[in-house]
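What follows is each chain in one-letter form.
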Amino acid sequence: MGCFECCIKCLGGVPYASLVATILCFSGVALFCGCGHVALTGTLTMLENHFSRVPSDHATLTNVVQILQYIIYGIAPFFFVYGIILLAEGFYTTSAVKDLQNEFKTSVCGRCITGMFVFLTYILGLAWLGIFGFSAVPVFLFYNMWTTCNAMKSEVVNITSPENICVDVRQYGVIPWSATPGKACGSTLNDICNTSDFYLSYHLYIVACAGAGATVIALLLYMMATTYNYAVFKFKGFRHNSTSKF
């Protein structure tokens, strides 16, 4: 067998769906965890400086932010390991691996492991779908604040009393109603929109939301690949003419 035929054989055994899903999963999780962590810190700093100057008013929010950041610390390594495991499982169920091992036989244990990956990936997909929806909430809040600031600057919109235009973050439940000042109006609101904390946090939340969406797509690809592999194991007996390409 020549070098070209050997390369074609190796490429034919690559689980492309699992490989693409792994790259997408790593990228999505990295974007979500990295950008989300920095955005949470920037949001807390902005609230402390402009909307809630008494520490006791936003103590609960501070604890929630810290908990979310600790969760991010756990998500990153977990999905790094899980992605590698699913990619290895995809390689193991390809014809390239089958040809390297004599008398490869499927077993009940192998089918159970593959079935477990199908179930676990489905659960994680639902969880990340919820995370994707949750990560869109701060994007919506920052977008409302950004459009309000742009409306005050716009020459098309005739605003006679810009000082009466306010953004009250207390109505979103972020801080209690007793927090002071709790809202920003007019020039103060415009100054907040021009700060680096607002600009950076807003765009980082957008990237983090996109990363969560990419992770959902990656888990969907994983689920399709593991489901196909499970069907090969269970119903086709992993024959030479029924090998997985996932």
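Summarised in this report is the structure supplied together with it. (Residues numbered from 1 in each chain as written. Predicted model: local features only at pLDDT ≥ 70, side-chain atom pairs only at ≥ 80, totals over all residues. Heavy atoms only, no water.)

Comments concerning the overall build of the protein
Spelled out, the test is: The secondary structure listing takes helices from DSSP runs of H or I that are at least 4 residues long and strands from runs of E that are at least 2 residues long, numbered from the N terminus. Think of it in three bands: residues with accessible area under 20% of the maximum for their type are buried, residues over 50% are exposed, and the middle band is partly exposed, with areas taken using a 1.4 Å probe on protein chains only. Any pair of residues with heavy atoms lying within 4.5 Å of one another is described as a contacting pair. Shrake-Rupley sampling with a 1.4 Å probe provides the accessible areas, and residues are treated as covered by the protein chains on show and by no other component.
For the protein, the count of helices and strands is seven helices and two strands. The order of helices and strands in the protein, counted from the N terminus, is α-α-α-α-α-β-β-α-α. Counting all 246 residues of the protein, 40% fall into the buried class. Put simply, 79% of the contacts in the protein that link residues at least 6 apart link residues at least 24 apart. Looking at the protein as shown, the accessible area adds up to about 13,400 Å², and 69% of this sits on carbon and sulfur atoms.

Comments concerning a nonpolar patch on the surface
Stated formally: A patch is a set of surface residues, each over 30% in relative accessible area and not in a salt bridge, joined within 9 Å for like charges and within 5 Å for the nonpolar side chains Val, Leu, Ile, Met, Phe, Trp and Tyr. Definition used for salt bridges: Asp or Glu carboxyl oxygen within 4 Å of a side-chain nitrogen of Lys or Arg.
Among the surface-exposed residues, F119, Y122, I123, L126, L129 and F132 lie close enough to one another that they form a single nonpolar patch of about 590 Å² accessible area. Along the chain, L126 turns up in helix α5 (residues 108-153).

Remarks on the state of the cysteines
Going by this rule: The disulfide definition used here is simple: a pair of cysteine sulfur atoms within 2.5 Å.
Enumeration according to the criterion identifies two disulfides in this entry. C149 shares a disulfide with C193; S-S distance 1.8 Å. In this structure, the disulfide formed by C149 and C193 twists by about 55 degrees around the S-S bond and is classed as right-handed. Of this pair, C149 sits in helix α5 while C193 sits in helix α6 (residues 186-193), and the two are 44 residues apart along the sequence. For C193, a relative accessible area of 9% translates into the label buried.

Let's talk about the packing of aromatic side chains
The line we're drawing: Stacked, tilted and edge-to-face are the three classes applied to pairs of Phe, Tyr and Trp rings, where Trp contributes its six-membered ring and a pair requires centres within 6.5 Å; stacked means planes under 30 degrees apart, edge-to-face means over 60, and tilted covers the rest.
Tallied over the full model, the rule gives 14 aromatic pairs. Where Y70 meets Y73, the ring centres are 5.9 Å apart and the plane angle is 70 degrees; that geometry is what we call edge-to-face. Within this pair, Y70 and its partner Y73 are both found in helix α3 (residues 59-92), separated by three residues, close to a single helical turn. You can call Y73 partly exposed: its relative accessible area is 44%.

Comments concerning the environment of V216
With respect to the secondary-structure elements, V216 resides in helix α7 (residues 196-235). You can call V216 buried: its relative accessible area is 18%. Expressed as a C-alpha distance, the spacing of V216 and C25, which sit 191 residues apart in the sequence, is 8.1 Å. Beyond its immediate sequence surroundings of up to four residues, V216 is in contact with W128, L129 and F132.

Things to note about the side chain of S52
So the rule is basically this: Definition of a polar contact: a pair of N or O atoms within 3.5 Å, with one able to donate and the other able to accept a hydrogen when the atoms are protein atoms, and with sequence-neighbouring residues admitted only if both atoms are side-chain atoms.
Relative to the elements of secondary structure, S52 occurs in the loop between α2 (16-50) and α3. At 2.9 Å, the side chain of S52 and the side chain of H58 are in polar contact. Among all residues touching S52, those that are not within four sequence positions of it are L47, D57, H58, I175, A179, T180 and P181.

Details of α6
Going by this rule: Working note: the arc is built from the helix axis to C-beta atom directions.
Every buried residue belonging to α6 is among G186, L189, I192 and C193, and all of these are buried. Summarising the axial view, the buried residues of α6 lie within an arc of 120 degrees, below the 170-degree limit, and thus occupy one face.

None of the figures reported here should be taken as evidence of function without further support.
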